[in-house]
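Structural features, examined
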Amino acid sequence: MDELDPVIHASARLRITAALAALDAGDRISFPRLQGLLAMTAGNLSTHLRKLEDAGYVDVDKTFQGRSPVTYLSLSQAGRRAFEDYTARLRALLGGTP
Amino acid sequence: MTENDDLESDGLTPEQSLALIQGETRSMKRLFGVQVPVYYFVWGGAWLVGYLLLWAAWPGSPSPVAVPLAVAAPVFAALILGAAVASAVVGVRSNRGIKGTSDFVGTVYGISWALLGGAVGTIGYALIRAGSSDAAVAIYYTSAYALLVGAMYLAGTMLWRSVDQLVIAIVMIVAAAVTGFFGAPGNMLAMALIAGPALLLGGVIALARLRRM
């Protein structure tokens, strides 16, 4: 289990990463939409996003829609690569080909 | 998941991790694909019912049920307008909170429908002004809109790599090309019976794909 990336290997962060990885490359999702999709509280989602952002796995884009601030999220290139490595290692651990 | 969820590994086994990934990927795909059957059903219903009504209302139609044109024409218009509004609402809703490539693609795709639909209508109006017969105008409108749908589905095939859309595109293009040879109002009956069921079948297949995800 040591070889699995600890930043991703926690259920909340794994769900966030998998959801962001399912977006088309070049797409970003707003914080409220992601929160709704994952059915997580805003505080919980923020906490885990910060951890992913600190690792350089998530790009956070703060912008304005009219006068309201909106945060858009996407996997960074490093995040996408880390998620692919994580998935490959999982499959290898489970006896498949990496 | 709780507010105090552990920041470190929470003892996930590889099996659980993989199941989480697959579950999340599946629900994201399902969420962004949930509108596809709606498009097919709404448009399939509108084309089937709308063109059947127009056919039944056409002077000299062999329809067993007589429908006044004053009823058929506005109902047809309402069905098409309703389908367009429903598609726009569903499309915007499914894309809310998403920015980037697919947001741009979806917006241009949506505007293309309106732009081309307006152009087809305008050309038809020009044909009427130029003195085209009712029969010729009926053939033009029926086939031109089917051709437009076929072309947009071809674009959809390329944008979203959807074989379903390719099949529907081919059906619509063939329907556009051949129904005119039935003359008016036979072309409307043919269009109702080709395009309507093809789109409805597309909806059934899209729904089955969604459920299998």
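**What about the overall build of chain A?**
Regarding its fold elements, chain A presents 4 helices and 3 strands. The dimensions of chain A, computed from C-alpha atoms along their principal axes, are 50 × 25 × 20 Å. Taking all 98 residues of chain A together, the buried fraction comes to 47%. A sequence separation of at least 24 residues applies to 51% of the contacts in chain A between residues at least 6 apart. The average position of the 12 basic charges and that of the 11 acidic charges among the side chains of chain A differ by 7 Å.

**A closer look at the pattern of salt bridges**
Residues and elements named next belong to chain B. Under the defined criterion, the tally for this structure stands at 3 salt bridges over all chains. Between arginine 209 and aspartate 164 there is a salt bridge whose closest N-O contact spans 2.7 Å. With arginine 209 in helix 7 (residues 186-212) and aspartate 164 in helix 6 (residues 163-178), this residue pair connects regions lying 45 residues apart in the sequence. The partly exposed category is assigned to arginine 209, whose relative accessible area is 40%. Its relative accessible area of 17% is what places aspartate 164 among the buried residues.

**Points about the packing of helix 4 (residues 77-93) of chain A against helix 1 (residues 14-33) of chain B**
Contact geometry of helix 4 of chain A with helix 1 of chain B gives a least axis separation of 9 Å together with a crossing angle of 135°. As the angle between them shows, helix 4 of chain A and helix 1 of chain B are arranged oblique. For the pair helix 4 of chain A and helix 1 of chain B, the crossing hand works out as left-handed. For the pair helix 4 of chain A and helix 1 of chain B, contact is made by Phe83, Tyr86, Thr87, Leu90, Arg91 and Leu93 of chain A and by Pro14, Ser17, Leu18, Ile21 and Gln22 of chain B, respectively. Of the residues in the contact of helix 4 of chain A with helix 1 of chain B, the class split is 7 nonpolar, 3 polar and 1 charged.

**Concerning the packing of aromatic side chains**
Residue and element names in this part refer to chain B. Under the criterion given, the structure shown has 8 aromatic pairs over all chains. Their ring planes at 55° and their centres at 5.3 Å tell us that tryptophan 47 and tyrosine 51 sit as a pair that is tilted. Taken together, the positions of tryptophan 47 and tyrosine 51, both in helix 2 (residues 36-57) and 4 residues apart, correspond to about one turn of that helix. Judged by its relative accessible area of 3%, tryptophan 47 falls in the buried class. Considering the side-chain rings of tryptophan 113 and tyrosine 153, the 6.3 Å spacing of their centres and the 85° angle between planes classify their relative orientation as edge-to-face. Taken together, the residues span a long stretch of sequence, with tryptophan 113 in helix 4 (residues 101-129) and tyrosine 153 in helix 5 (residues 134-160) at a distance of 40 residues.

**Some details on helix 3 (residues 69-94) of chain B**
For helix 3 of chain B, with 26 residues, the first-to-last C-alpha span of 37 Å sits near the 38 Å given by 1.5 Å per residue. Those residues of helix 3 of chain B lying buried are Ala72, Phe76, Ala83, Ser87, Gly91 and Ser94 of chain B. The inward-facing, buried residues of helix 3 of chain B contact helix 2 (31-38) of chain A together with helix 1 and helix 2 of chain B.

**Describing the interface of chain B and chain A**
Accessible area lost on assembly of the parts is the figure often given for the size of an interface. With 33 residues of chain B in contact, the opposing surface of chain A contributes 38 residues. Buried area between chain B and chain A, summed over both chains or domains, comes out near 3000 Å², and the portion from carbon and sulfur atoms is 62%. Connecting chain B to chain A are 1 salt bridge. As a salt-bridge pair, arginine 15 of chain A and glutamate 24 of chain B come within 2.8 Å of each other at their nearest N and O atoms. Where chain B touches chain A, the interface holds 10 residue pairs in polar contact (both at pLDDT 80 or more). Only helix 1, helix 3, strand 1 (98-100) and helix 4 of chain B provide two or more residues apiece to the side of chain B that touches chain A. A total of 11 residues in the side of chain B that touches chain A trace back to one element, the largest contributor, which is helix 1 of chain B. Grouping the amino acids of the side of chain B that touches chain A by side-chain chemistry returns 11 nonpolar, 11 polar and 11 charged. Relative to strand 1 of chain B, strand 1 (residues 27-30) of chain A runs antiparallel, the two being bridged by 3 bridges. Looking across to strand 1 of chain B, one finds that isoleucine 29 of chain A is bridged to isoleucine 98 of chain B.

Conventions adopted
Residues numbered from 1 in each chain as written. Chains lettered and ligands numbered in written order. Predicted model: local features only at pLDDT ≥ 70, side-chain atom pairs only at ≥ 80, totals over all residues. Heavy atoms only, no water. Helix = DSSP H or I, 4+ residues; strand = E, 2+ residues; numbered from the N terminus. Buried < 20%, exposed > 50% of the residue type's maximum accessible area, 1.4 Å probe, protein only. Contact = heavy atoms within 4.5 Å. Lys, Arg positive; Asp, Glu negative; His and termini not counted. Charge placed at Lys NZ, Arg CZ, Asp CG, Glu CD. Salt bridge = Lys/Arg side-chain N within 4 Å of Asp/Glu carboxyl O. Axes fitted to C-alpha atoms, helices over the stretch in contact; angles between N-to-C directions. Parallel < 35°, antiparallel > 145°, perpendicular 65-115°, else oblique. Left-handed = near helix turned anticlockwise from the far one by under 90°. Nonpolar A, V, L, I, M, F, W, Y, C, P; charged D, E, K, R; others polar. Phe/Tyr/Trp six-rings, centres within 6.5 Å; stacked < 30°, edge-to-face > 60°. Expected span 1.5 Å × (residues − 1). Buried area = accessible area lost by both parts, 1.4 Å probe. Polar contact = N/O pair within 3.5 Å; in protein donor to acceptor, adjacent residues only side chain to side chain. Pairing = 2+ DSSP bridges.

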